[in-house]
Amino acid sequence: MPMLKIENLHVYYGGIHALKGINLTVPQGKVVSLIGANGAGKSTTLRTITSLVKPTSGKIYFQGEDITQAKTTSVIKKGITLVPEGRRVFADLTVYENLNLGAYLRQKDKNGIQKDMDKVFELFPRLKEREWQTAGTLSGGEQQMLAIGRALMSRPSVMMMDEPSLGLAPIVVRDVFNIIREIHDSGMTILLIEQNARAALKVADYGYVIETGKIVLEGPGKELADNDEVRRSYLGE
Ligand code: ATP
């Protein structure tokens, strides 16, 4: 059974038909990348899964359960977490406090939280070094790591990432994708949306290309990266 399945999803913002019948499947333990240009509908897809935007028609299933009408809080409680675009961390809180907030749904489980935090620090040694620093003093790359670490603290079943490489220096982008690979290796299911098509397809088991609200191509990550049209339109070749 797929972790996430989207069927024939239509979304409107007023008169703008932003998603025009999207079908997408995220199998358990896989990385699925959704690539496309600015305004193609990538963020809208994630916003609709988390119920921040309501579809006019279509279905969203999480482990076979219809969650199309579920509230955002209930979607999060089910284990669907979103690492939002723009590295949204709490600038005035410390790294420790930011991570702790990621586990706010199970605050009583102190031992479990400490264990998860140790795992996050293992994955991101630089965050351990900066545990008591406020998040606002971290570099852009470190803030992105913190945003990912905070999402991991919620013990998600599926992680959705909105443009994790946006605005980062190339060397930091490489680090972010290495981390995504490591998280994937630990068994996590990931839905990644990215304008950096090359990196997103490299890390993906399966990919989808979205153009003006429609999926126009799909296939294994490697196959898509070799596709002539993808290479011309998205890889700048
Ligand atoms: P980006 O990389 O810029 O975030 P995207 O692929 O994520 O692009 P969306 O943000 O999903 O694209 O936008 C899809 C379409 O919906 C675009 O035409 C956009 O202008 C429109 N849109 C997005 N959010 C809103 C909104 N809140 N109100 C009205 N139109 C919106």
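The coordinates are above.
J.: Can you help me understand a nonpolar patch on the surface in this one?
T.: Taken together, the side chains of Ile76, Phe90, Leu101, Tyr104 and Leu105 make up a nonpolar region of the molecular surface, amounting to roughly 470 Å² of accessible area. Positionally, Leu105 belongs in the loop between α3 (95–102) and α4 (110–123). According to the relative accessible area criterion, Leu105 is partly exposed, its value standing at 47%.

J.: I'm lost on the packing of helix α6 (residues 140–152) against helix α7 (residues 170–185) in this one. Help?
T.: To characterise two packed helices, one gives the angle between the axes of the helices and the distance between these axes. It is at 10 Å that the axes of α6 and α7 come closest, and there the two elements cross at 15°. Judged by the angle between their axes, α6 and α7 are roughly parallel. Of the two possible hands of crossing, α6 and α7 adopt the one that is right-handed. Residue-level inspection shows Gly141, Gln144, Met145, Ile148 and Leu152 of α6 in contact with α7, the latter providing Val172, Asp175, Val176, Ile179 and Ile183.

J.: Honestly, the site of the ligand in this entry has me stumped. Any pointers?
T.: For the ligand, the set of nearby residues contains 14 residues, the closest of which are Asn38, Gly39, Lys42, Ser43 and Thr44. Within the backbone of Ser43, an N or O atom sits 2.6 Å from an oxygen atom of the ligand. Side-chain polar atom of Gln195 to an oxygen atom of the ligand: 3.2 Å apart, as the coordinates give it. Isolated, the ligand exposes 640 Å² of accessible area, and the fraction of that covered by the protein chains is 64%. Those elements that place two or more of their residues in the shell around the ligand are β2 (16–26) and α1 (42–49). Per-element accounting of the shell around the ligand gives the leading share, four residues, to α1. Of the residues contributing to the shell around the ligand, the split by class is five nonpolar, six polar and three charged.

Reading the values: the criteria
Residues numbered from 1 in each chain as written. Predicted model: local features only at pLDDT ≥ 70, side-chain atom pairs only at ≥ 80, totals over all residues. Heavy atoms only, no water. Patch = residues over 30% accessible without salt bridge, like charges linked within 9 Å, V, L, I, M, F, W, Y side chains within 5 Å. Areas by Shrake-Rupley, 256 points an atom, 1.4 Å probe, with all protein chains shown as cover. Salt bridge = Lys/Arg side-chain N within 4 Å of Asp/Glu carboxyl O. Helix = DSSP H or I, 4+ residues; strand = E, 2+ residues; numbered from the N terminus. Buried < 20%, exposed > 50% of the residue type's maximum accessible area, 1.4 Å probe, protein only. Axes fitted to C-alpha atoms, helices over the stretch in contact; angles between N-to-C directions. Parallel < 35°, antiparallel > 145°, perpendicular 65-115°, else oblique. Left-handed = near helix turned anticlockwise from the far one by under 90°. Contact = heavy atoms within 4.5 Å. Near = heavy atom within 4 Å. Polar contact = N/O pair within 3.5 Å; in protein donor to acceptor, adjacent residues only side chain to side chain. Nonpolar A, V, L, I, M, F, W, Y, C, P; charged D, E, K, R; others polar.

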